[in-house]
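Overview (structure and organization)
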Amino acid sequence: MRMVFAETLTKLAREDKDICIVTPDMGYSILDVFEKEFPERFFNVGIAEQNAVSVAAGLALSGKKPYVYSIIPFVTMRCFEQIRVDVAYMNTNVKLVGVGAGFEYGSAGYTHQGVEDLSVMRCLPNMIVCAAGDNREIEEITKQSVQINKPMYIRIGRHNRGIFNHCEEIKIGKASVLQQGEDIALIATSNMLPGAFDYAEKLKKQGRKPYVISMHTVKPIDKELILDLVDKGVEINTFEEHTIVGGLGTAVAEVIAESGKGIKFKRFGIPDVFSHYVGNQYYIKDQFGLNFDK
Amino acid sequence: MTTPKQIRKDILTMGWKSKASHLGSALSLVEILYALYFQTANFSKEKVHDPERDKIILSKGHGSVALYSVLNRLGIISDEDIESYSQNGGRLPCHIDMTSAEGLEASAGSLGHGAGIGVGMALANKMDARTGRIFVIVGDGEIQEGSVWEAVALASTQKLDNFTLIVDFNGIQASDFSNKTIDQRNLSERLTAFGFDACDVDGHDVDALTAAFKRRSDKPTAIVAHTVKGKGVSFMENTVQSHYTKLTDELYEKALADVEGM
C-alpha cells in the first residue's frame with residue numbers, strides 16, 4: 001500500500017510542481033521512486049521529526065504542497081505539538097503520512113506500532129483524518145488530497161491483502177458501503193477492512209445479514225450514513241486496529257449517542273492496554289481477538 | 001517618523017492597558033525589530049502578500065507587543081486592534097495568532113517552532129528562485145529547545161544563504177538568568193560550528209544591527225544580539241521580574257518617563 005502511495009504521488013507530482021516530500025529519514029526503497037524523479041523536491045531532513053513538521057509548514061506557507069512521511073508514531077506523536085501549532089492551528093497545507101497501521105510493525109515492538117494515531121489526530125481542529133483500507137482507497141485518497149488545501153493525516157499500511165473497495169466512486173468524507181445488509185453494520189477502517197469481511201462471513205453463517213462499510217475518512221465522519229443506520233435500527237459494530245479510546249469506534253459512538261436513539265453497538269479494537277507481545281502482526285492481533293478468518 | 005523610543009512607548013501603553021506580561025521580553029527586541037523592518041527588510045504594507053518580500057518570523061512569540069507596534073506603525077495593524085490588545089473581544093493575543101492580522105508570517109508562542117518554519121520558507125524560496133530573505137528571531141531561552149538546533153543543522157546542510165537567525169540574547173528567561181540555567185556564553189561559536197556565519201553585536205545599536213542584517217554570506221547567517229531585558233525602563237532592566245511586571249498607573253508613568261529620558 002505504501003508503494004501505491006509513493007507511485008501515485010510521483011505521478012501527481014509530474015503535473016503539480018508544488019508537491020514535495022519531507023521525511024525524517026524514512027521511506028528507504030519506498031520513496032525512491034519520487035526522489036529519483038524529483039530530487040529537488042525531496043527533503044530528507046534527518047532524524048528530526050519536530051523540524052520535519054515545522055519545515056513542511058514553512059514550505060506550505062510558501063505555496064508548496066508538502067507530504068511528511070514516516071512511521072506512524074514518529075509523524076504523529078513525536079512531533080505532536082508542531083502538528084498542533086504549525087499545521088492545525090496555522091491551518092497549513094501539510095499532509096502527514098503515517099505508515100504501519102496498527103501492528104503492521106508488530107515484530108518491531110510497541111515503539112513502532114501505530115495504535116493511537118487516529119485519536120490524537122482526530123482531536124485537532126482543521127485536521128482531516130483518512131485511513132486507507134486497500135490500494136484503491138489509498139490511490140483515491142492520495143489523488144484527492146492534492147486538491148484539498150488543508151491539513152490532513154493519511155494512515156497507510158505496509159502490506160496488502162487485495163482490493164476490497166469496489167465502489168465506483170471513493171470520496172474523502174463519504175463512507176463506502178461495500179456490502180448491503182439488513183440487521184447489522186460492520187464499519188471498519190484502515191487495515192481492519194479485510195477483518196470486517198471475515199467477520200461478516202461468520203455472521204452470515206448465523207443467519208444474519210451484515211452490511212460491510214469502509215470508513216476510510218475518520219474525520220469528518222460520515223454522520224449521515226451512521227444516522228441512517230440508527231434510524232433503521234441496525235446494530236453497529238466498529239473495527240479498527242487501533243485503541244478503542246478515541247478512534248473510529250469512539251467517533252461512531254459519538255454520533256449514535258447524540259442521535260437520541262438507542263441501538264446495539266460494539267467496538268472491536270485494541271483495549272486500553274499496552275501490547276508487550278512479541279511476534280508478528282497476525283500473532284499480536286490474535287492476542288487481542290482481532291483475527292476473524294478462522 | 002517611527003523611532004525605537006516610540007515603539008517602547010507603544011509597548012508600555014499596551015502593557016498598561018492590558019496588564020499582560022512579557023514586557024521585558026518585548027523591550028529587549030525593539031532595536032532588532034526597528035533595524036529589520038525600517039532599515040533592512042524588503043517589506044511594507046503594500047508587500048504583505050508579495051511572494052518576493054523578505055519574511056520576518058518572531059519565534060519568541062511572547063515578545064509580540066513589540067511586533068504589533070511595528071506593524072501598526074507600518075500601517076498594517078489598525079489602531080483599534082492595538083487598543084484592544086489582549087482584552088476581551090480584541091484581536092491581538094499575547095502570543096501571536098497569524099490569523100489575527102496581516103503581516104504576521106507565522107503563529108508563535110510555543111518556543112522552538114519559528115526556526116524550522118523559516119527553514120521551510122527558505123527552502124521554498126530556493127526552489128522557486130525567489131530572492132526574498134527569511135529572518136527568524138529567537139530568544140536566548142528559546143534556543144534551549146532542541147528543535148531550534150534541528151533547524152540550524154538543516155539550514156547549514158542545505159546551504160540556505162537566504163536564512164538569518166537572530167538571537168535576542170537578553171540573558172534572562174522565565175525563571176532565571178539564562179546562562180545560569182543553561183550555559184550558552186559561547187553561542188556564536190556554537191552557531192559557527194554548526195556551519196553558520198555568526199557574529200555578536202550590540203542588540204541596542206541600530207546601525208550595528210542594520211549592518212549585520214545586511215551582510216550577506218554564502219552560508220546561513222546568525223546574529224547574536226546582546227540586549228538588556230526590560231531595556232529603557234529603570235525598574236525592569238535586567239530583572240527576571242520584568243517577564244511578569246504588570247504596569248499600574250504609577251509604574252506606567254514612571255516607565256514612560258524613563259523611556260522619554262533614554
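Notes on the structure follow. Treat the numbers as computed from the prediction; the structure is a model and nothing was measured. Residue positions are counted from 1 within each chain, in the order its sequence is given. Chain letters and ligand numbers both follow the written order, the letters beginning at A and the numbers at 1. Only residues with pLDDT of at least 70 are given local features in this predicted model, and only at 80 or more are side-chain atom pairs given and counted; all residues enter the totals for whole chains, interfaces and linings. To obtain the side-chain values, all non-hydrogen atoms of the structure were included, while hydrogens and water were left out.

**Regarding the overall build of chain B**
Helical segments are the DSSP runs of H or I of at least four residues, strand segments are the runs of E of at least two, and each set is numbered from the N terminus. Scanning chain B from N- to C-terminus turns up 11 helices and 5 strands. Note that the radius of gyration is over C-alpha atoms, with the globule rule given as 2.2 Å times the number of residues to the power 0.38. Compactness check: chain B gives a C-alpha radius of gyration of 17 Å against a globular reference of 18 Å for 262 residues, within 12% of the reference. Across its three principal axes, chain B shows a C-alpha extent of roughly 50 × 40 × 30 Å. Looking at chain B as a whole, 60% of its 262 residues qualify as buried. Within chain B, counting contacts between residues at least 6 apart in sequence, those at least 24 apart form 74% of the total. Accessible surface, chain B as shown: approximately 9800 Å² in total, 49% of it carbon and sulfur. His is not counted, nor are the chain ends, whereas Lys and Arg count as positive and Asp and Glu as negative. For the purpose of locating charges, the reference atoms are NZ of Lys, CZ of Arg, CG of Asp and CD of Glu. Computed over 27 positive and 35 negative side-chain charges, the inter-centroid distance for chain B is 2 Å. Categorising residues by exposure relies on relative accessible area from a 1.4 Å probe, with only protein chains included: less than 20% of the type maximum marks a residue as buried, more than 50% marks it as exposed, and the intermediate range marks it as partly exposed. Here, two residues are considered to be in contact whenever any of their heavy atoms come within 4.5 Å of each other. Only the protein chains shown count as cover for residues, with accessible areas throughout obtained via the Shrake-Rupley method and a probe of 1.4 Å.

**Describing the state of the cysteines**
Residue and element names in this part refer to chain A. Disulfides are defined as pairs of cysteine sulfur atoms found within 2.5 Å of each other. Per the counting criterion, the structure on display carries 0 disulfides over all chains. The thiol sulfur of C79 is not disulfide-bonded, and the nearest other cysteine sulfur, from C123, lies at 13 Å. C79 gets classed as buried once you look at its relative accessible area, which sits at 1%. Left unpaired, C167 is separated from the closest cysteine sulfur, that of C130, by 15 Å. According to the relative accessible area criterion, C167 is buried, its value standing at 19%.

**Looking at the packing of aromatic side chains**
All names here are of chain A. Here the aromatic set is Phe, Tyr and Trp, taking the six-membered ring for Trp, and pairing holds for ring centres within 6.5 Å; pairs whose planes are under 30 degrees apart are stacked, those over 60 apart are edge-to-face, and all others are tilted. Counted by the stated rule, this structure contains 20 aromatic pairs over all chains. When the centroid spacing of 5.6 Å and the interplanar angle of 35° are considered together, the rings of F164 and F197 count as tilted. Taken together, the positions of F164 in the loop between β6 (152-156) and β7 (176-179) and F197 in helix α8 (residues 193-205) put the pair 33 residues apart, joining distant regions of the chain. Following the ring pairs from residue to residue traces out a cluster consisting of Y199, F239, F268 and F292. Placement of a charge over a ring requires the Lys NZ or Arg CZ to be within 6 Å of the ring centre, with the centre-to-atom vector within 35 degrees of the ring normal. Above the ring of F268, the side-chain terminus of K266 is found at 4.9 Å from the ring centroid.

**What about the environment of L209(B)?**
Residues and elements named next belong to chain B. Tracing the chain through its elements places L209 in helix α10 (residues 206-214). Among the residues examined, L209 registers a relative accessible area of 0% and is labelled buried. For the pair L209 and A101, spaced 108 residues apart in sequence, the C-alpha separation works out to 27 Å. L209 has contacts with E31, I32, A35, V201, D202, G203, H204 and A225, leaving out every residue within four places of it along the chain.

**Notes on the interface of chain A and chain B**
With 23 residues of chain A at the contact, the number on the chain B side is 24 residues. Both faces combined, the contact of chain A with chain B buries some 1900 Å², and carbon together with sulfur accounts for 61% of it. We count a salt bridge whenever a side-chain nitrogen from Lys or Arg sits within 4 Å of a carboxyl oxygen from Asp or Glu. Seen at the junction of chain A and chain B, the total is 1 salt bridge. Among the salt bridges present, the one from D128(B) reaches K64(A), with a minimum N-O distance of 2.6 Å. Once two parts are joined, some of their accessible surface, as seen by a 1.4 Å probe, is lost; buried area is that loss totalled over both.

**Details of the layout of surface pockets**
Residues and elements named next belong to chain A. Buriedness of a pocket was judged along seven lines, with at least five required to meet protein on both sides within 12 Å; pockets are open sets of points on a 1 Å grid over the protein atoms alone, cavities are sets where a 1.4 Å probe fits but cannot get out, and lining residues have an atom within 4 Å of a point. Grid points are joined across faces, edges and corners, and a volume is the space filled by probe spheres set on the points. As a volume, the largest pocket reaches approximately 360 Å³. Contributing to the lining of the largest pocket are 23 residues, with R161, N191, P194, Q281 and K285 lying nearest its centre. Broken down by secondary-structure element, the contributors of at least two residues to the lining of the largest pocket are α8 and α11 (281-287). Of the residues contributing to the lining of the largest pocket, the split by class is 7 nonpolar, 10 polar and 6 charged. Those domain boundaries reflect an automatic or database domain assignment. In this structure, the lining of the largest pocket is formed jointly by two domains, domain 1 (2-156) and domain 2 (176-287), each of which donates at least three residues. Throughout, the ten residues Ala, Val, Leu, Ile, Met, Phe, Trp, Tyr, Cys and Pro are labelled nonpolar, Asp, Glu, Lys and Arg are labelled charged, and all others, Gly among them, are labelled polar.

**Regarding the nonpolar core**
In terms of nonpolar packing, the biggest core is built from 115 residues, with L96(A), Y37(B), Y68(B), F163(B), L165(B) and L191(B) touching the most fellow members. Sequence-distant contacts of Y68(B), that is, excluding residues within four places in its chain, are made with M14(B), I77(B), I82(B), Y85(B), L92(B), P93(B), H95(B), I96(B) and L104(B). Ranked by size, the runner-up nonpolar core spans 31 residues in total, among them M1(A), I138(A), M152(A) and I154(A). In this text, buried Ala, Val, Leu, Ile, Met, Phe, Trp, Tyr and Cys residues form a nonpolar core when linked through side-chain atoms within 4.5 Å.

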